[in-house]
Amino acid sequence: MPTMRYVILQRQHELEFVEMPSDYAYQLSALNLRLNKEIDKLTAPGKPRLPIAIAECDSLDLLQESMSILNGLEYINELEQSFASLNESEYPLIALLTEIRALQAQLEQWYEEEGQ
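Structural notes, computed from the coordinates. (Residues numbered from 1 in each chain as written. Predicted model: local features only at pLDDT ≥ 70, side-chain atom pairs only at ≥ 80, totals over all residues. Heavy atoms only, no water.)

## Observations regarding the packing of aromatic side chains
Centre-to-centre distance and the angle between the planes together describe a pair of aromatic rings.
Here's step 1: Under the definition given, this model contains one aromatic pair.
Here's step 2: Ring centres of tryptophan 110 and tyrosine 111 lie 4.9 Å apart, and the angle between their planes is 90°; on these two criteria the pair is classed as edge-to-face. (Phe/Tyr/Trp six-rings, centres within 6.5 Å; stacked < 30°, edge-to-face > 60°.)

## Things to note about the nonpolar core
Here's step 1: Core analysis: the largest hydrophobic core is formed by 34 residues, its most contacted members being Met20, Leu28, Leu35, Leu42, Ile76, Leu79 and Phe83.
Here's step 2: The set of elements that each furnish at least two residues to this core consists of strand E1 (4-11), strand E2 (14-21), helix H1 (25-38), strand E3 (52-57), helix H2 (72-84) and helix H3 (93-115).
Here's step 3: In terms of residue count, H3 provides more of this core than any other element does, seven residues in total.
Here's step 4: Not counting the four nearest positions on each side in its chain, leucine 28 is found in contact with Val7, Val18, Met20, Tyr75, Ile76 and Leu103. (Core = buried A, V, L, I, M, F, W, Y, C linked by side-chain atoms within 4.5 Å. Buried < 20%, exposed > 50% of the residue type's maximum accessible area, 1.4 Å probe, protein only. Helix = DSSP H or I, 4+ residues; strand = E, 2+ residues; numbered from the N terminus. Contact = heavy atoms within 4.5 Å.)

## Focus on a negative patch on the surface
Here's step 1: A cluster of like negative charges, contributed by Glu108, Glu112, Glu113 and Glu114, occupies part of the molecular surface.
Here's step 2: Mapped onto the elements of the fold, glutamate 112 is located in helix H3. (Patch = residues over 30% accessible without salt bridge, like charges linked within 9 Å, V, L, I, M, F, W, Y side chains within 5 Å. Areas by Shrake-Rupley, 256 points an atom, 1.4 Å probe, with all protein chains shown as cover. Salt bridge = Lys/Arg side-chain N within 4 Å of Asp/Glu carboxyl O. Lys, Arg positive; Asp, Glu negative; His and termini not counted. Charge placed at Lys NZ, Arg CZ, Asp CG, Glu CD.)

## Brief notes about the environment of glutamate 19
Here's step 1: Positionally, glutamate 19 belongs in strand E2.
Here's step 2: Given the relative accessible area of 23%, glutamate 19 is considered partly exposed.
Here's step 3: Glutamate 19 sits 43 residues away from leucine 62 along the chain, and the two C-alpha atoms are 12 Å apart.
Here's step 4: Beyond its immediate sequence surroundings of up to four residues, glutamate 19 is in contact with Met4, Arg5, Tyr6, Ile69, Leu70, Asn71, Gly72 and Tyr111.
Here's step 5: Here the side chain of glutamate 19 touches tyrosine 6 through a polar contact of 3.0 Å, side chain to side chain. (Polar contact = N/O pair within 3.5 Å; in protein donor to acceptor, adjacent residues only side chain to side chain.)

## Re the side chain of glutamate 88
Here's step 1: Residue position: glutamate 88 is located in the loop between H2 and H3.
Here's step 2: Within the buried set, glutamate 88 has no salt-bridge partner at all; the shortest N-O distance to an opposite charge, 7.5 Å, is to lysine 47.
Here's step 3: A polar atom in the side chain of glutamate 88 sits 2.7 Å from the side chain of threonine 43.

## Remarks on the packing of H1 against H2
Packed helices, taken two at a time, are described by their axes: the angle between them and the distance between them.
Here's step 1: Running from N to C, H1 and H2 cross one another at 25°; their axes reach a closest spacing of 13 Å. The orientation of H1 relative to H2 falls into the category roughly parallel. Here H1 and H2 pass one another in a crossing that is left-handed. Residue-level inspection shows Leu28, Leu31, Asn32 and Leu35 of H1 in contact with H2, the latter providing Tyr75, Ile76, Leu79 and Phe83.
Here's step 2: Looking at the contact of H1 with H2 residue by residue, the class counts come to seven nonpolar, one polar and no charged. (Axes fitted to C-alpha atoms, helices over the stretch in contact; angles between N-to-C directions. Parallel < 35°, antiparallel > 145°, perpendicular 65-115°, else oblique. Left-handed = near helix turned anticlockwise from the far one by under 90°. Nonpolar A, V, L, I, M, F, W, Y, C, P; charged D, E, K, R; others polar.)

## Comments concerning the sheet that holds strand E4 (residues 69-71)
Here's step 1: If you trace the four strands from one edge of the open sheet to the other, you get E3-E1-E2-E4, paired in mixed fashion. The open sheet is flanked by E3 and E4, the only strands paired with a single partner. For this sheet, the mean angle separating the axes of adjacent strands, direction not counted, is 35°.
Here's step 2: Both E1 and E3 contribute to a ladder of five bridges, which runs antiparallel. From the neighbouring strand, glutamine 10 faces E3, where its bridge partner is isoleucine 52.
Here's step 3: Its contacts with the sheet place H1 against E1, E2 and E3, and it is angled at close to 165° to E3.
Here's step 4: H2 rests against E1, E2 and E4 of the sheet, and its axis sits at about 70° to E4. (Pairing = 2+ DSSP bridges.)

Right, dumping it as structure tokens:
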């Protein structure tokens, strides 16, 4: 059974929990911090509202039925779509998309290998 880690994200007053393969959790946290640092430089309308990574942990037991754990690949896919849909002309959006897509490709390969 693969070892998973959980990245805890805060979006305003709500928490999100993203389950990641342990080898990639730090990458998600680092990517999230970079995106939050760069998001204000984007000039396109409809910029995504990003949560901020606030913690990582090895195990997670949710005690509220209203909370759920997000699959890491699904989270990255949604993140990629939200940035790919931007019509940005002033800021080199491709650099951010490249970072998102690199982690996306690594996760796709990881899930593919684990599924075999």
